[in-house]
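Observations on the three-dimensional arrangement
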Amino acid sequence: MAVLFKLDNKTINDIDTTIIYPSSFNYNNDAIYYLNNNCVVITTDRRDYFDISLELYELFNVEYLRTKKDLTKFDELKLNILGSLNSDKKVYVFFNVLTYLDKEFKEKLIRYLKLANKRIINYTTDIEETLLLEYIIVIHDNLVIMEGTKEQVLNEEKILKKLGFNLPFIIELSKGLKLYGLIDKIYFNNEELVSALWK
Amino acid sequence: MEIARILENKPKNHIYGLMGNINITTNNNNYSIVTSYKFNGTVKEYLNSPKASSSLKMVMLNDEILNKTSNELSIGNLKKISLAKALIENKDYLVLNYFEKEQNYQEKENFKRLWKKLSKEYHKTIIIFTNDLTYIWDIAKELIFVDNYSVINTILKNDYNIFMDNLNNPEITKFIELMKEKGIDIDNYTNVLELLKAIYRLKESK
């Protein structure tokens, strides 16, 4: 796995990565670092509007935003994201932003960036978002406590719970079903688990 | 949208869930909106009260934070400071503006206990503005859906399985919906363990 960045003591590999952190973690320094490294940085506060093509409005099913008056902060966030999508920068960094988006917009955004071969780094406190990307870094007291593939990190239930995180719903359910002998492995998405249970 | 207008005619001292694509505002002196405000000076100067330490304790922070400025704080801690300030102001209504978004599971559970305590023992009315139904469905008496101009629906706790499409449904709900699409007859559970047992019973019966 190629190294994309060295950020403090965090190694950001050239793979889509979720960074989970506690509420006390101040990511200001990380944001400055990413900006200096020519990444697209999306936060709930930044307002960098660029031209948004009609195709993008349609693709994300938000044509209503073209003419809407009295934009809410959630509308502005979507416009902020759409306005960044034509950037030729390789890396997109989201600072606890996806959690404010609805499911449809979030899924379309991740799919769009993956198809465009962009690298995604997602800071979040929402354990469910760890299922979206392949690699996980866990931060506690400003230190990296653990990192690895999604499968490796989510298998460390005791450490995660000690740090205040639960497991994603589908992992927790899979573990229980495996214990009951109804399935023989852990599943990472709903469709595959339902299909495994009711072939 | 003026939050006081949404809550007019609703009973006090309860916990409400509030959902919708709106900006929350108020001119009503009886409401505190808790969000990640930036402030001038230190936390101590901002809170400016002999109750500063005790209110910080209630929001799960300690006195070490008193000498920090807002630029030194995480967004999660800014929200907690805003809550501490609201507790000092002691108004009847507390509006939590996406408060839970910087918290992990354990912190969310700890603050849920605080909302219950504030509602029951301190007679506060708590309004939790969020897009995450999982965060509120076990504590909110009623869910209020709003658009730009008005309340468009209210749903009582027993009917939380009726959702609007663009909200982030709980993962357990998505899973149960998928099972139903496959023709499997299953109730709407809100607890993983109960769902697990129900699936086991279904499989055993076959």
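Each remark here, short or long, concerns the structure printed above.
Below or above, wherever it landed, is the structure these notes cover. (Residues numbered from 1 in each chain as written. Chains lettered and ligands numbered in written order. Predicted model: local features only at pLDDT ≥ 70, side-chain atom pairs only at ≥ 80, totals over all residues. Heavy atoms only, no water.)

**A look at the side chain of T11 of chain A**
All names here are of chain A. Tracing the sequence through the fold places T11 in strand β2 (residues 10-13). Overall, T11 belongs to the buried group, its relative accessible area being 16%. Within polar-contact distance, the side chain of T11 engages the side chain of K6 at 3.3 Å. Those residues in contact with T11 that sit more than four places away from it in its chain are V3, F5, K6, I137 and E147. (Helix = DSSP H or I, 4+ residues; strand = E, 2+ residues; numbered from the N terminus. Buried < 20%, exposed > 50% of the residue type's maximum accessible area, 1.4 Å probe, protein only. Polar contact = N/O pair within 3.5 Å; in protein donor to acceptor, adjacent residues only side chain to side chain. Contact = heavy atoms within 4.5 Å.)

**Concerning the interface of chain B and chain A**
Taken together, the contacts link 45 residues of chain B with 42 residues of chain A. Taken over both partners, the interface formed by chain B and chain A buries close to 3,800 Å², and the fraction arising from carbon and sulfur atoms is 58%. On the chain B side of the interface with chain A, the three residues burying the most area are E102, F175 and L196 of chain B, jointly 15% of the side's total. At the surface where chain B touches chain A, the tally comes to 0 salt bridges. (Buried area = accessible area lost by both parts, 1.4 Å probe. Salt bridge = Lys/Arg side-chain N within 4 Å of Asp/Glu carboxyl O.)

**Re a nonpolar patch on the surface**
Residues and elements named next belong to chain A. Judged by side-chain polarity, L143, I145 and I159 come together as a nonpolar surface patch covering roughly 240 Å² of accessible area. Structurally, the position occupied by L143 is in strand β8 (residues 143-149). According to the relative accessible area criterion, L143 is partly exposed, its value standing at 47%. (Patch = residues over 30% accessible without salt bridge, like charges linked within 9 Å, V, L, I, M, F, W, Y side chains within 5 Å. Areas by Shrake-Rupley, 256 points an atom, 1.4 Å probe, with all protein chains shown as cover.)

**What to know about the pairing of strand β3 (residues 93-97) of chain B**
Residues and elements named next belong to chain B. Counting buried positions over the 5 residues of β3 gives 5, a clear majority of the element. On β3, burial covers both faces: Y93, V95 and N97 on one face and L94 and L96 on the other are all buried. Bridging between strand β2 (residues 31-34) and β3 involves 4 bridges; their strand directions are parallel. Counted as the bridge partner of Y31 is Y93 from β3. With 5 bridges joining them, β3 and strand β4 (residues 125-129) adopt parallel strand pairing. Within the sheet, the bridge partner assigned to Y93 lies in β4 and is T125. With helix α5 (residues 105-120) bridging β3 and the parallel β4, this β-α-β connection has right-handed handedness. (Pairing = 2+ DSSP bridges. Right-handed = clockwise from strand over helix to strand, strands pointing away.)

**Quick notes on the pattern of salt bridges**
Any two side chains of opposite charge can pair, given that their charged atoms come close. Residues and elements named next belong to chain A. This model, assessed by the stated rule, comprises 18 salt bridges over all chains. Taking the shortest distance from any N to any O, the salt bridge between K108 and E104 comes out at 3.0 Å. Within this pair, K108 and its partner E104 are both found in helix α4 (residues 103-115), separated by 4 residues, close to a single helical turn. Exposure remark for K108: the relative accessible area of 22% places this residue in the partly exposed category.

**Comments concerning the pairing of strand β5 (residues 91-95) of chain A**
All names here are of chain A. Of all 5 residues in β5, 5 are buried; the element is thus mostly enclosed. Of the two faces of β5, the one carrying V91, V93 and F95 and the one carrying Y92 and F94 are both buried. Strand direction decides the pairing type here: strand β4 (residues 40-42) and β5, joined by 3 bridges, are parallel. Within the sheet, the bridge partner assigned to V40 lies in β5 and is Y92. Across 5 bridges, the pairing between β5 and strand β6 (residues 119-124) is parallel. Pairing of V93 across the sheet is with I121, part of β6. As for the winding sense of the linkage, the β-α-β connection from β5 through α4 to β6 is right-handed.

**Topic: the sheet that holds strand β3 (residues 17-20) of chain A**
All names here are of chain A. On the basis of which strands lie adjacent, the open sheet formed by 6 strands has the order β4-β5-β6-β3-β7-β8 and mixed pairing. Each edge of the open sheet carries a strand with a single partner, namely β4 and β8. Strand-to-strand, the axes of this sheet are offset by a mean angle of 15°, without reference to chain direction. In terms of strand pairing, β3 meets strand β7 (residues 135-140) through 4 bridges, oriented parallel. Bridge assignment links I20 to a residue of β7, and that residue is V138. (Axes fitted to C-alpha atoms, helices over the stretch in contact; angles between N-to-C directions.)

**Focus on the environment of F111 of chain B**
All names here are of chain B. Position of F111 relative to the elements: it lies in helix α5. A residue is classified by how much of its surface remains accessible, and F111, at 0% relative accessible area, is buried. Put simply, F111 and Y189 are 78 residues apart on the chain and 23 Å apart in space, counted from C-alpha to C-alpha. Every residue in contact with F111, bar those within four places of it in the chain, is listed here: V59, M60, K80, L83, F99, Q103 and Y135.

**Observations concerning the packing of helix α4 (residues 75-89) of chain B against α5 of chain B**
All names here are of chain B. It is the contact of α4 with α5, at a shortest axis distance of 14 Å, that shows an interaxial angle of 10°. Regarding the angle of α4 to α5, the classification is roughly parallel. In this structure, α4 contributes K80, L83 and L87 to the contact, and α5 contributes E107, F111, L114, W115 and L118. Residues belonging to the contact of α4 with α5 are distributed by class as follows: 6 nonpolar, no polar and 2 charged. (Parallel < 35°, antiparallel > 145°, perpendicular 65-115°, else oblique. Nonpolar A, V, L, I, M, F, W, Y, C, P; charged D, E, K, R; others polar.)

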